[in-house]
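Read off the chains here:
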Amino acid sequence: MMLPTPLPTPVEAVPRQVAFTAMGSDVRILTLGASDVALARAQLAVHDLERRWSRFRPDSEVSRLNAACGRPVRVSPATTTLLTHAVRGWYATDGAFDPTVVDAVVAAGYDRPFPDLVESDPGSRSVTSISPMTSATPGCAGIGIDQAAGTATLPRGVRVDAGGIGKGLAADLVAASLLADGATAALVDIGGDIRVSGGAPLGGWRIDIDLGGAVRRASTPRMVLRAGAVATSSILRRAWMREGRRAHHIIDPMTGAPANPAFTTATVVAGAAWWAEVLTKAALLAASVDDAERLLSAAGAVGLLVDGDGRQHPVSGVERFLQ
Amino acid sequence: MTTERPSQPSPRPRRRAAEASRRLIAGASTAAVFGLVAAWSAVPQPPAAVAVTGLEAAGAAAPPAPLRVVITDPAIDRDVAVAAAIDAAARGLDRVAVPIDATAVPTAPGDQVNDAPHAATHAS
């Protein structure tokens with residue numbers, strides 16, 4: 001296996017960027033030293049990954065897997081990577097991150113692309129005729145991945161979703177492809193899940209932490225990153241009303257229902273965006289700051305959590321990334 | 001080619017860490033073929049490959065001894081550490097240094113802080 005090359009020294013170059021919409025999110029790619037062709041290829045790569053991974057596209061590889069009823073399905077290397085990382089994340093978080101929650105998410109009301117639920121704020125997103133799940137999600141123990149044959153197999157009755165890992169992994173893959181395509185530095189932001197690679201600008205990449213409605217007073221912490229990734233998850237976004245009660249997309253795998261966590265928002269810094277994104281889900285479900293500290297420390301990551309009272313809790317040494 | 005998969009029903013999530021670790025170790029030749037055990041504390045670690053099939057499984061006469069990976073700096077990316085450890089072990093080394101991914105840029109007193117962010121992380 002190849003060892004990573006040392007980080008290059010900071011570079012001064014004209015930054016170039018492209019912004020568009022994909023994976024149900026705003027996407028922004030900033031590069032130093034990339035050509036127009038490389039940027040265009042990066043944009044196409046994001047759309048390609050969405051075509052392969054979206055559960056809302058019946059012809060996507062994930063949808064075909066979910067419909068295969070236990071039969072092996074040929075998938076691309078990118079999807080093999082997605083599944084492998086998803087299962088590793090399931091093991092590493094002791095099931096707190098679970099890519100098999102899709103049936104529970106649908107049962108809770110998230111059965112279509114989020115913009116289609118209803119426009120405007122969570123108070124007016126209303127879904128009826130829901131049959132909530134009342135049992136634990138199936139988990140990943142039975143998922144089979146045949147690297148040599150390029151196939152994946154889900155146990156009958158198990159469905160997977162790239163939500164919770166897909167945007168982060170796409171950011172990792174596209175950042176790597178930009179560097180391979182000649183860029184000296186890259187920042188790939190897909191829906192707020194961000195990977196930075198290559199030589200950072202002088203002073204590092206400056207990344208604001210948008211806590212949304214999690215804190216009452218105006219507070220936008222900023223971090224400076226030379227390399228790695230940061231991701232944020234929250235129960236305050238992607239929320240809707242269900243039979244008079246507020247529901248959201250963070251499912252507790254133990255119950256199959258939207259979680260009632262101690263924290264409303266979790267931001268995690270890690271070496272890769274897929275890993276940061278997975279850990280945000282697990283951190284949100286931590287029972288306490290101490291539990292989150294243990295989780296992130298063991299994972300080699302750091303984080304910033306916000307509780308239900310709007311208090312911010314730096315975890316595992318995130319202060320060294322904050323300005 | 002066969003797909004390695006446990007025959008037992010899927011376990012409930014949120015197992016205790018110790019039980020999860022025992023299941024990981026006992027569960028298979030899947031983990032044993034790669035034979036990696038990352039040395040962390042309470043959180044169980046995933047095997048390097050979820051289900052090993054094809055040439056890897058067919059060619060493995062016996063599982064190699066587990067490789068204990070001790071990461072001494074929490075800033076080190078786990079994937080990078082595992083890859084470096086495998087490479088080092090193959091070369092007969094018991095210690096390897098890797099560049100730290102996810103690095104912070106410390107701000108010294110008097111540094112000019114640019115007020116324009118490059119990006120914002122947020123829930124979506």
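A quick note: this is a predicted structure, and the numbers were derived from the prediction, not measured. (Residues numbered from 1 in each chain as written. Chains lettered and ligands numbered in written order. Predicted model: local features only at pLDDT ≥ 70, side-chain atom pairs only at ≥ 80, totals over all residues. Heavy atoms only, no water.)

Novice: Mind laying out the overall build of chain B, listing which residues take part and the relevant values?
Specialist: In terms of regular secondary structure, chain B is built from four helices and four strands. Mapped from its N terminus to its C terminus, chain B presents α and β elements in the order α-α-β-α-β-α-β-β. Relative to its 124 residues, chain B shows a buried fraction of 39%. Carbon and sulfur atoms make up 57% of the accessible area of chain B, which totals about 7100 Å². (Helix = DSSP H or I, 4+ residues; strand = E, 2+ residues; numbered from the N terminus. Buried < 20%, exposed > 50% of the residue type's maximum accessible area, 1.4 Å probe, protein only. Areas by Shrake-Rupley, 256 points an atom, 1.4 Å probe, with all protein chains shown as cover.)

Novice: How would you sum up the nonpolar core? Please name residues and give values.
Specialist: All names here are of chain A. Grouped together as the largest cluster of nonpolar side chains are 75 residues, with contacts concentrated most on Ile 29, Trp 53, Leu 178, Val 188, Ile 190, Trp 275 and Leu 279. If you tally residues by element for this core, the top one is helix 7 (residues 273–284), at nine residues. Counting 21 residues, the second-largest nonpolar core is a separate cluster that includes Val 269, Val 306, Val 318 and Phe 321. (Core = buried A, V, L, I, M, F, W, Y, C linked by side-chain atoms within 4.5 Å.)

Novice: Let's hear about the confidence of the model for chain A: which residues, and what values?
Specialist: All names here are of chain A. Mean pLDDT over chain A stands at 85; residues scoring 70 or higher make up 85%. Ranking the elements of chain A by mean pLDDT puts strand 4 (residues 126–127) last, at 48, and helix 2 (residues 61–66) first, at 97. Per-residue pLDDT stays below 50 along residues 1–12; that stretch engages in 27 contacts with residues further than four places along the chain or on separate chains. (pLDDT = per-residue confidence, 0-100. Contact = heavy atoms within 4.5 Å.)

Novice: Tell me what's going on with the pairing of strand 10 (residues 222–234) of chain A, and back it up with residues and numbers.
Specialist: Residue and element names in this part refer to chain A. The buried count for strand 10 comes to 12 of 13 residues, which makes it a mostly enclosed element. Two strands pair when backbone bridges link them, and strand 9 (residues 205–209) and strand 10 are joined in this way by four bridges, in the antiparallel orientation. Bridge assignment links Arg 206 to a residue of strand 10, and that residue is Val 224. Pairing geometry for strand 10 and strand 15 (residues 263–270), over six bridges, is antiparallel. Bridging across to strand 15, Ser 234 finds its partner in Thr 265. (Pairing = 2+ DSSP bridges.)

Novice: Describe the packing of aromatic side chains, with residues and values.
Specialist: Where two aromatic rings form a pair, the distance of their centres and the angle of their planes describe that pair. All names here are of chain A. One pass over the structure, following the stated rule, counts two aromatic pairs over all chains. Judged by centre distance (5.4 Å) and plane angle (45°), the ring pair of Trp 274 and Trp 275 falls under tilted. There is no split in this pair, since Trp 274 and Trp 275 are both buried. (Phe/Tyr/Trp six-rings, centres within 6.5 Å; stacked < 30°, edge-to-face > 60°.)

Novice: An account of the pattern of salt bridges is needed here, citing residue identities and associated values.
Specialist: Residue and element names in this part refer to chain A. Across all of its chains, the model carries 12 salt bridges over all chains by this definition. The closest approach of N and O atoms between Arg 195 and Asp 172, which form a salt bridge, is 2.8 Å. With Arg 195 in strand 8 (residues 193–198) and Asp 172 in helix 6 (residues 166–180), the pair connects residues that are 23 residues apart, well separated along the chain. Three or more residues joined by partner-sharing salt bridges are found here, namely Asp 48, Arg 51, Arg 52 and Glu 61. (Salt bridge = Lys/Arg side-chain N within 4 Å of Asp/Glu carboxyl O.)

Novice: Outline the pairing of strand 8 of chain A, listing residues and values.
Specialist: All names here are of chain A. Burial analysis of strand 8 places six of its six residues in the buried class, the great majority of the element. Relative to strand 8, strand 7 (residues 185–190) runs antiparallel, the two being bridged by six bridges. Following the sheet pairing, Leu 187 is matched in strand 8 by Val 196. Counting the residues that bridge the hairpin from strand 7 to strand 8 gives two residues, and of these Gly 191 lies at a positive phi of roughly 60°. Bridge count for strand 8 against strand 10 is three bridges, and the pairing is antiparallel. What sits directly across from Ile 194, in strand 10, is Val 230.

Novice: Describe the packing of helix 1 (residues 36–53) of chain A against helix 6 of chain A, listing the residues and the values that go with them.
Specialist: All names here are of chain A. One can describe the packing of helix 1 onto helix 6 by two numbers: an axis separation of 10 Å at closest approach and a directional angle of 150°. In terms of their interaxial angle, helix 1 and helix 6 are classed as roughly antiparallel. The way helix 1 lies across helix 6 gives a crossing that is right-handed. Packed against helix 1, whose contacting residues are Ala 38, Leu 39, Ala 42, Ala 45, Val 46, Leu 49 and Trp 53, the element helix 6 presents Gly 166, Leu 169, Ala 170, Leu 173, Val 174 and Leu 178 at the interface. Taken together, the residues of the contact of helix 1 with helix 6 sort by class into 12 nonpolar, one polar and no charged. (Axes fitted to C-alpha atoms, helices over the stretch in contact; angles between N-to-C directions. Parallel < 35°, antiparallel > 145°, perpendicular 65-115°, else oblique. Left-handed = near helix turned anticlockwise from the far one by under 90°. Nonpolar A, V, L, I, M, F, W, Y, C, P; charged D, E, K, R; others polar.)

Novice: Pulling in residues and values, what's your account of the sheet that holds strand 5 (residues 144–146) of chain A?
Specialist: All names here are of chain A. Spatially, three strands are ordered 3-6-5 in an open sheet, and the strand pairing comes out antiparallel. Both outer strands of the open sheet, strand 3 (73–74) and strand 5, are each paired with one neighbouring strand and no more. Bridge count for strand 5 against strand 6 (residues 151–153) is three bridges, and the pairing is antiparallel. Its bridge partner being in strand 6, Ile 145 is matched across the sheet by Ala 152.

Novice: For helix 1 of chain A, give the residues involved together with the corresponding values.
Specialist: Residues and elements named next belong to chain A. Spanning 18 residues, helix 1 covers 26 Å between terminal C-alpha atoms, matching the ideal 26 Å at 1.5 Å per step. All buried positions along helix 1 are accounted for by Ala 38, Leu 39, Ala 42, Val 46, Leu 49, Glu 50 and Trp 53. Projected down its long axis, helix 1 carries its buried residues within an arc of 130°, all on one side. Those residues of helix 1 that are exposed and angled more than 90 degrees off the buried face are Asp 36 and Leu 44. (Expected span 1.5 Å × (residues − 1). Arc of directions from axis to C-beta.)

Novice: Any chance you could break down the environment of A:Ser234 for me, citing the residues and the numbers?
Specialist: Following the sequence through the fold, A:Ser234 ends up in strand 10. A:Ser234 sits in the buried class, given a relative accessible area of 3%. Sequence spacing of A:Ser234 and A:Pro221 is 13 residues, and the spatial spacing of their C-alpha atoms is 16 Å. In this view, A:Ser234 contacts A:His249, A:Ile250, A:Thr264, A:Thr265, A:Leu284 and B:Ala123; residues no more than four positions away in its chain are not counted. One polar contact links the side chain of A:Ser234 to the main-chain carbonyl oxygen of A:Thr264, over a distance of 3.0 Å. Within polar-contact distance, the side chain of A:Ser234 engages the side chain of A:Thr265 at 3.2 Å. (Polar contact = N/O pair within 3.5 Å; in protein donor to acceptor, adjacent residues only side chain to side chain.)

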